[in-house]
Every structure is written in C-alpha cells, then in structure tokens.
Amino acid sequence: MGAVAMLFLPVSASSLPVRAYERAELFATCSGRLDALATRQRALSEAEAHDNARLSDEFQVLLDTVLPKALSEGVPETLPRRWRSQGWVEIAALLADVDHSFDPRRAELAREAMLQRISSCRAVLL
C-alpha cells in the first residue's frame, strides 16, 4: 500500500470528491476502465498491459481503503462491483467501436473518448 500512497500524494485534495461514496465510485470505475484496457492489451501482447493492470490494482486498493466509510454512508455492498463493471463495459464498448466501426469518424470519436477516460483516471494517481 505504500506505493499507492506515494502515487496518490501529488493529487490535491480539491481534485478528489469530498464524500467517501463519490471517491469509491471514482476508484471502482477507474479500476474497471484500466482493467478493460489491460485485458485488451494483454490479448494483443502490448507492453502497456502490465502498467495498466497495475494501475487497476492500485485503484482497487484505494477502493478497499475508502469502502468502509462509503458503506457507512449508505452505499449498498453490491454497488462498488457495479461501478467497476460499468467502467469495464464503458471502455470495452469504446474499444469495440474503435476496432469494428464501419464509420471512421465514429471510430475516431470512440478512440478519443476512451483516451480521455483513461487519462482522467491516470491523472488521479500520477
């Protein structure tokens, strides 16, 4: 957990949600997003897969840390799993558009959206 804390330090307190349930949602969603990207990258034997899987795991550690407080605020126990799944599906759907859309504009918009979402998650940790 020390490595996570060191990566987390540069983020100012004002850039993270105030409420524990909002942080839990952010951490779960980002964990799912990065896991989906890493899954695709592993399938294509891309070198970045390891780094994105590691970031996904770090978000999971952050989620595990804030989850008791979020649960005490009334978050149902199954909701963080749903948030993570939604993040995964979101990136998987965008990647499907990137790879399989017959419309080049749609594929480019999907690529840009996917990169923006991944970038916003990375900005939390890096």
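Counting starts from 1 at the beginning of each chain's written sequence and moves along it residue by residue. Only residues with pLDDT of at least 70 are given local features in this predicted model, and only at 80 or more are side-chain atom pairs given and counted; all residues enter the totals for whole chains, interfaces and linings. Hydrogen atoms and water are omitted, and side-chain values are computed over all heavy atoms in the structure.

Caption draft 1: Seen up close, the pattern of salt bridges. Whenever a carboxyl oxygen of Asp or Glu lies within 4 Å of a side-chain nitrogen of Lys or Arg, that contact is scored as a salt bridge. One pass over the full model with this rule turns up eight salt bridges. Notably, a salt bridge pairs Arg54 with Glu58, separated by 2.9 Å at the nearest N-O pair. Of this pair, Arg54 and Glu58 are both found in helix α3 (residues 49-72), four residues apart, which corresponds to roughly one turn of the helix. Measuring nitrogen to oxygen at the nearest pair gives 3.3 Å for the salt bridge that ties Arg106 to Asp97. The secondary structure listing takes helices from DSSP runs of H or I that are at least 4 residues long and strands from runs of E that are at least 2 residues long, numbered from the N terminus.

Caption draft 2: Layout of the packing of aromatic side chains. Two rings from Phe, Tyr or Trp (for Trp, the six-membered ring) form a pair when their centres sit within 6.5 Å of each other. Planes less than 30 degrees apart are called stacked, planes more than 60 degrees apart edge-to-face, and all others tilted. This structure, assessed with the given rule, holds one aromatic pair. Ring centres of Phe27 and Phe59 lie 6.2 Å apart, and the angle between their planes is 40 degrees; on these two criteria the pair is classed as tilted. One end of the pair, Phe27, is in helix α2 (residues 20-43); the other, Phe59, is in helix α3, with 32 residues separating them in the sequence. Phe59 carries the same exposure label as Phe27, and that label is buried. In this scheme, a residue with accessible area under 20% of its type's maximum is buried, one over 50% is exposed, and one in between is partly exposed, where area comes from a 1.4 Å probe on protein chains only.

Caption draft 3: Spatial organisation of α3. With 24 residues, α3 extends 35 Å from end C-alpha to end C-alpha; this agrees with the ideal 34 Å at 1.5 Å per step. The sharpest bend along α3 comes to roughly 45 degrees, located at Val66, with the proline Pro68 sitting one to four residues further on. All of the buried residues along α3 are Ala49, Asn52, Ala53, Leu55, Ser56, Glu58, Phe59, Leu62, Leu63, Val66, Leu67 and Ala70. Looking one or two residues beyond α3, the residue adopting positive phi is Gly74, at roughly 105 degrees. Any helix carries an expected span of 1.5 Å times its number of residues minus one. At any given residue, the bend is defined as the angle formed between two axes, one fitted to the seven residues that end at that position and one fitted to the seven that begin there.

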